[in-house]
Each structure stands twice: as structure tokens, then as C-alpha cells.
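Listed below, chain by chain, are the residues.
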Amino acid sequence: MNWTTFSAILETCLGNKPHFNYYLHSKLNNCPRRKKSNHHLSLKSPLAAHLPTPHHHGVESELLPIHRQLRQEILFARERVYRFATATPLEKLAMPSGSPEVWIKREDLSLVKSYKWRGACNRMATLTKEQAVHGVVTASAGNHAQGVALAAQALAIRARIYMPRSTPQIKQAAVLRHGGEWVEIHLAGDSYDEAVTAALQDQQQSRATYIHAYDDLQVMAGQGTLADEVVLSGHGPFDAAFLQIGGGGMAAGVSCWLKTYWPAIECIGVEGVEQASMLAAFSNGGPVTLDQVDLFCDGTAVKRSGQHPFLICRETLSRIVTVTNPEVAHAIRFLWENHRCIAEPSGAMGLAALLQEAKQWTGKRVLIILCGANLDFSQLGHIAQFHQARPSHEVTLRVKICEQPGAMLELLDRCFGRLNLIDFQYGMSDPSVAWPTFTALAEHAEHLLELRQALNSHGYEYEELCEAQDVAFRAIPLRGDYLRCPLFLRLDFYERPGALHDFLAKRLYGNANLCYFNYRQSGERIGRALIGLDFPSPWERDAFMIALPERGDGYRHCQVLDQATQSRLLAGVWSK
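Computed from a predicted model, the values in this text were never measured in an experiment.

So, how was this worked out
Position numbers for residues count from 1 along each chain, tracking the sequence in the order it is written. Since the coordinates come from a predicted model, pLDDT governs what is reported: local features require at least 70, and pairs of side-chain atoms require 80 or more to be given and counted, while whole-chain, interface and lining totals use all residues. Based on all heavy atoms of the structure, the side-chain values leave hydrogens and waters out of the count. In the sections that follow, a salt bridge refers to a side-chain nitrogen of Lys or Arg positioned within 4 Å of a carboxyl oxygen of Asp or Glu. Per the convention used, a helix needs a DSSP run of H or I reaching at least four residues, while a strand needs a run of E reaching at least two, with both numbered from the N terminus. Burial status follows relative accessibility: with a 1.4 Å probe on protein chains alone, a residue under 20% of its type maximum counts as buried, one over 50% as exposed, and anything between as partly exposed. We call two strands paired when DSSP finds no fewer than two bridges between them. The crossover handedness rule: strands pointing away from the viewer, path from first strand over the helix to second strand clockwise, crossover right-handed. Given the number of residues in a helix, its expected span is that number minus one, multiplied by 1.5 Å. One axis fitted to the seven residues ending at a residue, another fitted to the seven starting there: the angle between these axes is the bend at that residue. Polar contact is defined as a pair of N or O atoms within 3.5 Å, subject to the rule that within protein one atom must be able to donate a hydrogen and the other to accept it, and that residues adjacent in sequence are counted only when both atoms are side-chain atoms. Only centres within 6.5 Å qualify two rings of Phe, Tyr or Trp (six-membered ring in Trp) as a pair; their planes then separate them into stacked at under 30 degrees, edge-to-face at over 60, and tilted for everything else. Only the stretch in contact is used when fitting a helix axis, every axis being a line fitted to C-alpha atoms; angles between N-to-C directions are given from 0 to 180 degrees. What sets the label is the angle itself: under 35 degrees gives roughly parallel, over 145 gives roughly antiparallel, 65 to 115 gives roughly perpendicular, and the rest give oblique. Whether two residues are in contact is decided by their heavy atoms, any of which lying within 4.5 Å being enough. We call Asp, Glu, Lys and Arg charged. Ala, Val, Leu, Ile, Met, Phe, Trp, Tyr, Cys and Pro are nonpolar, and the rest, Gly among them, are polar. Within this scheme, the nonpolar core is defined by two criteria: the residues are buried Ala, Val, Leu, Ile, Met, Phe, Trp, Tyr or Cys, and they are joined through side-chain atoms within 4.5 Å.

### Things to note about the pattern of salt bridges
Now for step 1: Taken as a whole and assessed by the stated rule, the structure comprises 28 salt bridges.
Now for step 2: Here K105 makes a salt bridge to E229, at a shortest N to O gap of 2.7 Å. With K105 in strand β2 (residues 101–106) and E229 in helix α10 (residues 217–232), the pair connects residues that are 124 residues apart, well separated along the chain.
Now for step 3: A salt bridge links R165 to D190; the nearest nitrogen and oxygen atoms lie 3.1 Å apart. Remark: D190 occurs in the loop between β5 (183–187) and α9 (192–206) and R165 occurs in the loop between β4 (159–163) and α8 (169–179); sequence separation between them is 25 residues.
Now for step 4: Among the residues examined, D190 registers a relative accessible area of 44% and is labelled partly exposed.
Now for step 5: The network of salt bridges with common partners includes K105, E107, R118 and E229.

What follows is the structure, encoded as C-alpha cells:
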């Protein structure tokens, strides 16, 4: 009786006895059980001179239910993946009092800075010598590509990797670093799915083996080894695990293994609001293709979930929750402030989901996977735009006031006193009426209710804006023909409560009328605003300039824009 047949018998007879099953497989593989520790012992073993002997699927294995097949493959993967890299630590995350006990699996500390090496290496270790001669081809948004590159170099197998043209440079450079002379990068299409199409065309013409990023049992099994390390860590059992979903390979492999050992654990899938392909599959009864996906969380930007992951996830996941980009950005900041690690957007999605419903997990033990840290440095600026964002505590309002000196400051005094203004846009477009736009951030949701009540009680007409494109792109209208004697200032002020208000209250007096304001909080300690003032006469404007100190209480620097810059500001404005 060969090993595959005996393994199938073990799975069939002992499937409901995972610990004994695990023990037998370990003994039969002559592989001693690993000792428990907070940071796992290194299991890396030297690579053999030749390709590892592949695991050949028998009829007995194929007759097993898919979740049993996956469990069997994870057992085989345990012996393969540590030839390429070592286990990653499981660490406790500092949380505020009254929060759940949260543990993070630090896949960002792996050799390729994500968990993807596990599945890619496990799959490529099963190639026959004939398959290895023809090489492999794959498609990836970046992390899976690094895993394939790592295996290609270690096993001396040629790999052609297709990546979207928008793939961050840091991921392309990492692929070449891990793969060396054994890999070729081909940029194709503007999305992961278009890169897949190009890779499959290559595979059909070249006889290379296609290494799927997630819709493959052996790839899924490789990802499942990270759950095996969690089980052996000694920190379980866990009450819940929040698992990111792109194509679903990691969520399937991890949830299958966790529920084998801890049947009571609640495994929760996490997708981006505009990337919810698995949620769509659950609703449809099978994978469906989304028209488009948001690319902020580029590692999970997949239009269609995998068929194999879907079959597993529908049995192992209790539900799927969705997170917004601002919530993910907040989770990235939370990880930095509480654990001094920076996750790529997809890597922080699990924490973002947990923070959504942290109160319901108070007193429970929760697992999250920090699944990657391959963040393009230039993306940090975009993340910082909503680093504090919590949609329920933020509002953007367009408010109607009279176009006259002092009206803007009166509005701020009456209604915005307890709020943090993180965006302020205004340009004069009517000689009698002004419509400034404010984005306000509150510590508590009830403060936004107080803002609306204050606006109503003082008789202000206003409208709430949600994802307004002109606000997002800072398209601030300005009618230059309504200005008499304009003056534009660059103001650098200290980012503290009241600093901007104090400048307006102390420095804008007399007939100085605010005609333009452009400010957005950047997260720096210094706030920067471009301010336009209009005066009835040149002498009043000149008197203001003479009386304005370059530095003053609450602001670091105030400078009149040079004439050429002011001319450009006014040259392109729409006029009668």
C-alpha cells in the first residue's frame, strides 16, 4: 500500500481526531513534533541537490471531500515549505483597556514580507523534473510573484511572471532580487485579471506550468501552514480569526486548519467594500466576476474569487465583513502606533474589520493576520490623507453665509468650536453669497449631531457632501472679476486646536474680506493654507501688508505671494 493510499485511509477514518491524525502523519514522515514557543523554532532544512519528490494524487485522495483533501495537502506542505524559509512569530498587540486580546501573525516578517511564499514554494516543490524543464508562468499583483521568484531561484526553475503595469516598483524590485537570473517580469494590462489573461496565453504556447496565486489546492495548503504555526504556538485556542480575502486562498487554507483544531472558532472573511468578490460569490452560489475593483488594497484587488477557495470558505467562514479604505488607513496607523510595524493596505484589513466591532469581542482572544508589508513608499502620502478617518466621526458640509467681512469667522465661532477642521475650501463665486466647504472631524459622533443642531438653530442653510468629486480634487471656483484689490497669502500655522481660528480672529479685521481659502490637514505638526483676501482699496490692502508680522502668535510663517504667482492664480479664473 503506497503512502497516498494510507494517507487517504487515515483522513477517512481519523478525520474527526485531528491531534491523533497529526501525530501519526508526523511519525510516519519521521518528522518529530515541534516544540511550542512564543517564536517558533526554525524548521528550515537544506535544499536537496535535486527537486523534491512530488506528491502524486491518487484516486483515493481525489474521492475525499475538498476540505479533507486540503487538510491532507497541508500536512504534506508542512514538510516542504520550511526548506525555503522559516516560521514567523505570533505577537500580542497592545490594545486599549476593555478591548479583546489580539494576537497578530507577523507574515510581514517573512523572507518576502508576505505569506505568499508558502503557497508558491509548496506548489513548485511538487513539479516533476519534466515540468521543471519547461519552467513556470504565473500572474501576480506582487506578493505571489515574490514567492514564485524565491522558489525559482532555490529550485533552479525558469519563471515568467506577469504583473499589472501599475504594480508598485518595490514589488517588482523584490521579485528580481529573490529570483535573480531565474525570473523574467512581463508587465501586462492594468489589473491583476488582465495579467492573468496574458500569463495563460503564455502557458498555452510554451508548455510551462501555470502557478495560480490562489485557486490551487497545493497553493492553499501552503498558506495553511501559517495556521499550523498558530496552533503550535501555545497561545490558542482563539475565539475568532479575521482573514483577508483576495482570491480566497489564504482564508480557505487558514480557516480549514484552524477549525480542524478549534471547531468553535469563528472565522470571519474580510474584503474591501469595492473588492467583495467572495461576498458576491456567497450571494450568487458560486464565483462571479465583478465589473471593477478598487486598487487601494492592491494585494486583494481580485475581480473573481477562486472556485476551490469558495468551496472551502462557504463551509468554514461564518460571515464576511467589508472595510473601507479610510478604515484600512486607520488600521495601518493603529499598527504603527501600537506595535511599530507598517502593513501594506491589504495586510491591515483584518485589523480594520476587528476595530469595526471591537466591543463585541471584549474579553475574547482574537487572531489577525498581518499578511504583508510590501508597501510602496509613495503610497504613504495617500494613506496619510485619511490617517484619522472614521466615517461615522467625519462630515463634509457646504454652508451658505453672506459674502461680507466677518461672516466666515462668525460661522466658525457659532458652530465649529468643538471640531477639528481637516479640510477648508472656499472661493468667491458670487458678490453677495458664499458657500464655504468644511470637512470636520469629531472625537465622538454626538459632536457631529451638535454641529447640525447649531447650524439649524442659527438659521444656516447647508448641505452634506458625500464623496463629492470637486471637493476630492480641490476644484475651488474663484470669480476674479468680483475682486477689487486681492491679496494672497501663504500661511504656515501650528497644528493645534484653535490656531487657525486665532489667526483669522486676530489678523483679519476691518474691511479685509476672505475671498479664497485652501487648506487640508496633512498629518504634519505644521498646517499650510493658501488664503485670499479682498480689500475695497489699494491703500487698505497696503496698510494690512505693513501691519502683518511675518511670524506671530499661533503661526510660524505668513508670506505674501509674489506677483507672478498671484497673477497665475487670477489669470485662469472664469469671468463674465
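### Some points on the pairing of β5
Working note: regular strand, side chains alternate between the two faces of the sheet.
Now for step 1: By the bridge criterion, five bridges tie β4 to β5 in an arrangement that is parallel. Residue A159 lies in a different strand from β5, and its bridge partner there is V183.
Now for step 2: Traced from β4 through α8 to β5, the parallel crossover comes out right-handed.

### Considering α10
Now for step 1: With 16 residues, α10 extends 22 Å between its outermost C-alpha atoms, agreeing within 8% with the 22 Å of an ideal straight helix rising 1.5 Å per residue.
Now for step 2: Of all the bends in α10, the greatest, near 25°, is centred on Q223.
Now for step 3: In terms of burial, α10 is a largely internal element, 16 of the 16 residues being buried.
Now for step 4: Sitting at the head of α10, D216 places a side-chain oxygen 2.8 Å from the backbone nitrogen of Q218.

### With respect to the packing of aromatic side chains
Remark: the centre distance and the inter-plane angle together describe each pair of aromatic rings, the angle taken between the planes.
Now for step 1: Summed over the entire model, instances satisfying the criterion amount to twelve aromatic pairs.
Now for step 2: With a centroid separation of 5.3 Å and 55° between ring planes, the pair formed by W257 and Y261 is classed as tilted. In this pair, W257 and Y261 both sit in helix α11 (residues 249–261), four residues apart, roughly one turn of the helix.
Now for step 3: In this structure W257 comes out as buried when scored by relative accessible area, which is 2%.
Now for step 4: Owing to a relative accessible area of 8%, Y261 belongs among the buried residues under this scheme.
Now for step 5: Geometrically, the ring pair formed by F424 and F438 is tilted, given 4.7 Å between the ring centres and 35° between the ring planes. Within this pair, whereas F424 is found in strand β13 (residues 420–427), its partner F438 is found in strand β15 (residues 437–441), the two being separated by 14 residues in sequence.
Now for step 6: F424 sits in the buried class, given a relative accessible area of 0%.
Now for step 7: According to the relative accessible area criterion, F438 is buried, its value standing at 1%.

### Description of the packing of helix α17 (residues 407–415) against helix α18 (residues 445–457)
Now for step 1: With their axes 9 Å apart at the nearest point, α17 and α18 run at an angle of 130° to one another. Viewed along their axes, α17 and α18 adopt a mutual orientation that is oblique. Residues L411, R414 and C415 of α17 form the contact with α18, whose participating residues are L451, A454 and L455.
Now for step 2: Taken together, the residues that form the contact of α17 with α18 break down as five nonpolar, no polar and one charged.

### Section: the environment of T167
Now for step 1: Along the chain, T167 falls in the loop between β4 and α8.
Now for step 2: Take T167: its relative accessible area is 6%, and that puts it in the buried class.
Now for step 3: Separated by 23 residues in the primary sequence, T167 and D190 have C-alpha atoms spaced 8.8 Å apart.
Now for step 4: Aside from chain neighbours lying at most four places away, what touches T167 is A141 and Q172.

### Describing the nonpolar core
Now for step 1: Counting residues in hydrophobic clusters, the biggest one holds 69 residues, and the most contacted among them are M124, L243 and L258.
Now for step 2: If you tally residues by element for this core, the top one is α11, at eight residues.
Now for step 3: Beyond its immediate chain neighbours, meaning those up to four positions away, L243 contacts M250, A251, V254, S255, C267, I268, G269, V270, L317 and I369.
Now for step 4: Formed by 54 residues, the second largest nonpolar core is a distinct cluster that contains Y426, L478, L487 and A529.

Distances and angles like these do not, on their own, reveal function.
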